[in-house]
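Residues per chain are reported as follows:
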Amino acid sequence: MYKIILRENVNRYSCEGLIKIFLRPDLYDLIYAPSAVSDDFWPETEKTPARKNKDRQEYQPNYEAVINLTGDETASTDKNAVKRMLYSRLSALTGYCHEWGILTGVRPVKLAGEIVRRCGSFSKARKELLDFYLLSPEKADLILDIYHYQQEHLPKPPHESVGLYLGIPFCPTRCLYCAFTSNEAKPEEIERYLKALHREIDGTADAMRMKGWYPESIYIGGGTPTTLTALQLDELLFHIEKAFDFSRLLEFTVEAGRPDTIDSEKLAVIQKHNIGRISINPQSMKDKTLEIIGRTHKSSDIERAFAEAKEAGISCINADVIAGLQGEDENDFVRTLEKIIAMGAENITVHTLAVKRASKLVEMDKDFHYKQAAMVAKQLAAGRKLLKEHGYRPYYLYRQKNMAGGLENTGYCKNDTLSVYNIRIMEEMQTIIALGAGGISKVYYDAENRLERVANVSNYEIYIERIEEMIERKKKNLFQEEETIC
């Protein structure tokens, strides 16, 4: 058991994120102090965040060690200075050197790009990532390589371009690890939702025409968009084509994640509308695992969906897999990747299991990701090796809270089939307009390198009721400002 004392003025979010990479929450007490204090300090008037049900008289254990970062040298307002000291103490006490150093943010590739532009060279940026942010050489080289690859193939977005996202918040069943806005709904409810979404499409398209904006990429996600019937999907795609300017569109993606929602009729609709990219997401090719995580299909259904998509002429198929799923070892993970490679996926996104607050998994075992850390590291390393051998290279990367081992999600592509939308949303240098329940638009102000968020409500029933408010909210916060937006 550890006692950690930090000053009240530190960046609590990033410090607590770093601590959780090294220690499970039940292994430490975290206390904030107003100024320099001794190691035996305990708040007189506040209960510690880690022990809200215990007061100081009832709970003051004998600690294995105390990390006290309240001295004068920690009074700096530089959050990274405090995080480096915290990292050093945690690493010394646990014997663990985290590959991502002090980084706790979602977008390390974006940071790498900022450092390259500021330093003027990749070699100087690498040195800063190693010495200042304490990354391992492998992680520093990885994000610099991804940034360089992205710049080669997808430079800064045009001024008038946006990324367009449309959310379909419905799935056949809810997966164990899922925390997305997804629901099991009756057909009449889905119809009501689509009517509202069509209304928001019209309102957004009108406003975009007035501003002279056009979609560079369109992404229909979820949930599972192919939960819709073939007719509903056809009507939605036709409406999108009619509403928006496609003359400079680089990419159109439809998530078809669940193979139990894919059939030849829906694939024919997708092909009819010239959709160049879909995502079929196995997560695992092990039937027992699919059963555990709440999937109602078999690995053979995934193989069937891939074959039908290839036969339909879909030019780019992405497949998502998850490292760290229950009951899987390194060999299981490698076999999953081998099968997906054999099926001909152009993109493969390797996710690290994250225990998300709104998922069923967190109710079963909130600390599951800690138990999986060592196995996930082995699975990711084996996956990188295998994918490289078969001609795939990493093209985008991001991290999340509560990931096993504090590691990362990495998108791999073959033959330069990198996803425009995935890169743009991670580099945050383009306005993303999100339609549908749970959609969060991000308005980019180029001159200030600043983002402002404009959110839709996440509950689809409330979204339907308040659709006119969602449209007006976009008009006010997305389209009426005079500052330069990209």
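Criteria and thresholds
- Residues numbered from 1 in each chain as written.
- Predicted model: local features only at pLDDT ≥ 70, side-chain atom pairs only at ≥ 80, totals over all residues.
- Heavy atoms only, no water.
- Salt bridge = Lys/Arg side-chain N within 4 Å of Asp/Glu carboxyl O.
- Helix = DSSP H or I, 4+ residues; strand = E, 2+ residues; numbered from the N terminus.
- Buried < 20%, exposed > 50% of the residue type's maximum accessible area, 1.4 Å probe, protein only.
- Lys, Arg positive; Asp, Glu negative; His and termini not counted.
- Polar contact = N/O pair within 3.5 Å; in protein donor to acceptor, adjacent residues only side chain to side chain.
- Core = buried A, V, L, I, M, F, W, Y, C linked by side-chain atoms within 4.5 Å.
- Contact = heavy atoms within 4.5 Å.
- Pairing = 2+ DSSP bridges.
- Axes fitted to C-alpha atoms, helices over the stretch in contact; angles between N-to-C directions.
- Expected span 1.5 Å × (residues − 1).
- Phe/Tyr/Trp six-rings, centres within 6.5 Å; stacked < 30°, edge-to-face > 60°.
- Parallel < 35°, antiparallel > 145°, perpendicular 65-115°, else oblique.
- Left-handed = near helix turned anticlockwise from the far one by under 90°.
- Nonpolar A, V, L, I, M, F, W, Y, C, P; charged D, E, K, R; others polar.
- Arc of directions from axis to C-beta.

## Description of the pattern of salt bridges
Part 1: The tally for this structure, following the rule as stated, stands at 30 salt bridges.
Part 2: In this structure, Glu-408 and Lys-139 form a salt bridge, with 2.9 Å as the shortest nitrogen-oxygen distance. With a gap of 269 residues between them, Glu-408 in the loop between β10 (392-398) and β11 (409-414) and Lys-139 in helix α5 (residues 137-153) connect regions that are remote in the sequence.
Part 3: The residue Glu-346 makes a salt bridge to Lys-310 at a minimum N-O spacing of 2.6 Å. Here the residue Glu-346 occupies a position in the loop between α11 (330-343) and β9 (347-352), and Lys-310 occupies one in helix α10 (residues 299-312), the gap between them amounting to 36 residues.
Part 4: Assessed through its relative accessible area of 16%, Glu-346 is described here as buried.
Part 5: By relative accessible area, which is 32% here, Lys-310 ends up partly exposed.
Part 6: Three or more residues joined by partner-sharing salt bridges are found here, namely Arg-107, Lys-110, Glu-428 and Arg-453.

## Regarding the side chain of Glu-251
Part 1: Secondary-structure assignment places Glu-251 in strand β6 (residues 251-255).
Part 2: This buried residue, Glu-251, is left without a salt bridge; Arg-277 holds the nearest opposite charge, at 4.5 Å.
Part 3: A polar contact is formed between the side chain of Glu-251 and the backbone nitrogen of Val-420, at a distance of 2.8 Å.
Part 4: Reaching out from Glu-251, the side chain makes a polar contact with the backbone nitrogen of Tyr-421 at a distance of 3.0 Å.

## Some thoughts on the nonpolar core
Part 1: Counting 83 residues, the largest nonpolar core has Tyr-193 and Tyr-463 as the members making the most contacts within it.
Part 2: Sorting elements by how many residues they give to this core places helix α6 (residues 187-211) first, with nine residues.
Part 3: Apart from residues no more than four positions distant in its own chain, Tyr-463 is found in contact with Tyr-193, Ala-196, Leu-197, Glu-200, Gly-436, Ala-437, Asn-456, Val-457 and Met-470.
Part 4: In this structure, Tyr-32, Tyr-87, Leu-90 and Ala-125 belong to the second largest nonpolar core, which totals 39 residues.

## With respect to the pairing of β11
Part 1: Within β11, five of the six residues are buried, which leaves the element mostly enclosed by the surrounding structure.
Part 2: Bridge analysis of β9 against β11 gives four bridges, and the strand direction is antiparallel. In the sheet register, Ile-348 faces β11, and the bridge partner there is Tyr-412.
Part 3: Direction of pairing for β10 relative to β11: antiparallel, over a ladder of six bridges. Its bridge partner being in β11, Tyr-396 is matched across the sheet by Gly-411.

## Thoughts on the sheet that holds strand β1 (residues 2-7)
Part 1: Across the sheet, which stays open at both edges, the three strands sit in the order β2-β1-β3 with parallel pairing between neighbours. Two strands in the sheet have a free side with no partner beyond their single neighbour: β2 (28-33) and β3 (65-69). For this sheet the average axis-to-axis angle between neighbouring strands, irrespective of direction, equals 15°.
Part 2: Most of the contacts of helix α1 (residues 12-22) go to β2, to which it runs at about 160°, and overall it touches β1 and β2.
Part 3: Sheet contacts for helix α2 (residues 79-94): β1 and β3; angle to β3, the most-contacted strand, approximately 170°.

## Examining helix α7 (residues 230-243)
Part 1: Its 14 residues place the ends of α7 20 Å apart at the C-alpha level, agreeing with the 20 Å of an ideal helix rising 1.5 Å per residue.
Part 2: For α7, the set of buried residues is Ala-230, Gln-232, Leu-233, Asp-234, Leu-236, Leu-237, His-239, Ile-240 and Ala-243.

## Looking at the pairing of strand β5 (residues 214-222)
Part 1: With nine of its nine residues buried, β5 lies for the most part within the structure.
Part 2: With eight bridges joining them, strand β4 (residues 161-168) and β5 adopt parallel strand pairing. The residue of β5 that forms the bridge with Leu-166 is Ile-220.
Part 3: As defined by bridge partners, β5 adjoins β6 across four bridges and the pair is classed as parallel. By the bridge assignment, Ile-220 is partnered in β6 with Val-254.

## Section: the packing of aromatic side chains
Part 1: According to the stated counting rule, one finds 14 aromatic pairs in the structure shown.
Part 2: When the centroid spacing of 6.3 Å and the interplanar angle of 25° are considered together, the rings of Tyr-165 and Tyr-421 count as stacked. Of this pair, Tyr-165 sits in strand β4 while Tyr-421 sits in helix α15 (residues 420-427); the two residues are 256 residues apart in sequence, bridging distant segments of the chain. The same class applies to Tyr-165 and to Tyr-421, which are both buried.
Part 3: Plain terms: the ring middles of Phe-170 and Tyr-460 are 5.2 Å apart, the flat faces sit at 70° to each other, and that makes the pair edge-to-face.

## Quick look at the packing of α11 against helix α14 (residues 373-389)
Part 1: Running from N to C, α11 and α14 cross one another at 30°; their axes reach a closest spacing of 9 Å. With respect to α14, the element α11 is oriented roughly parallel. Relative to α14, the crossing made by α11 is right-handed. Where α11 approaches α14, its residues Glu-330, Phe-333, Val-334, Leu-337, Glu-338 and Ile-341 are matched on the opposing element by Met-375, Lys-378, Gln-379, Ala-382, Gly-383, Leu-386 and Leu-387.
Part 2: Taken together, the residues of the contact of α11 with α14 sort by class into eight nonpolar, two polar and three charged.

## Quick notes on helix α4 (residues 122-131)
Part 1: For α4, the complete set of buried residues consists of Ala-125, Glu-128 and Leu-129. Buried residues of α4 fall within an arc of 100° about the axis and therefore sit on the same side. Projecting away from the buried face of α4 at angles above 90 degrees are the exposed residues Ser-123, Lys-124 and Lys-127.
Part 2: On its buried side, α4 packs onto α3 (108-119) and α5.

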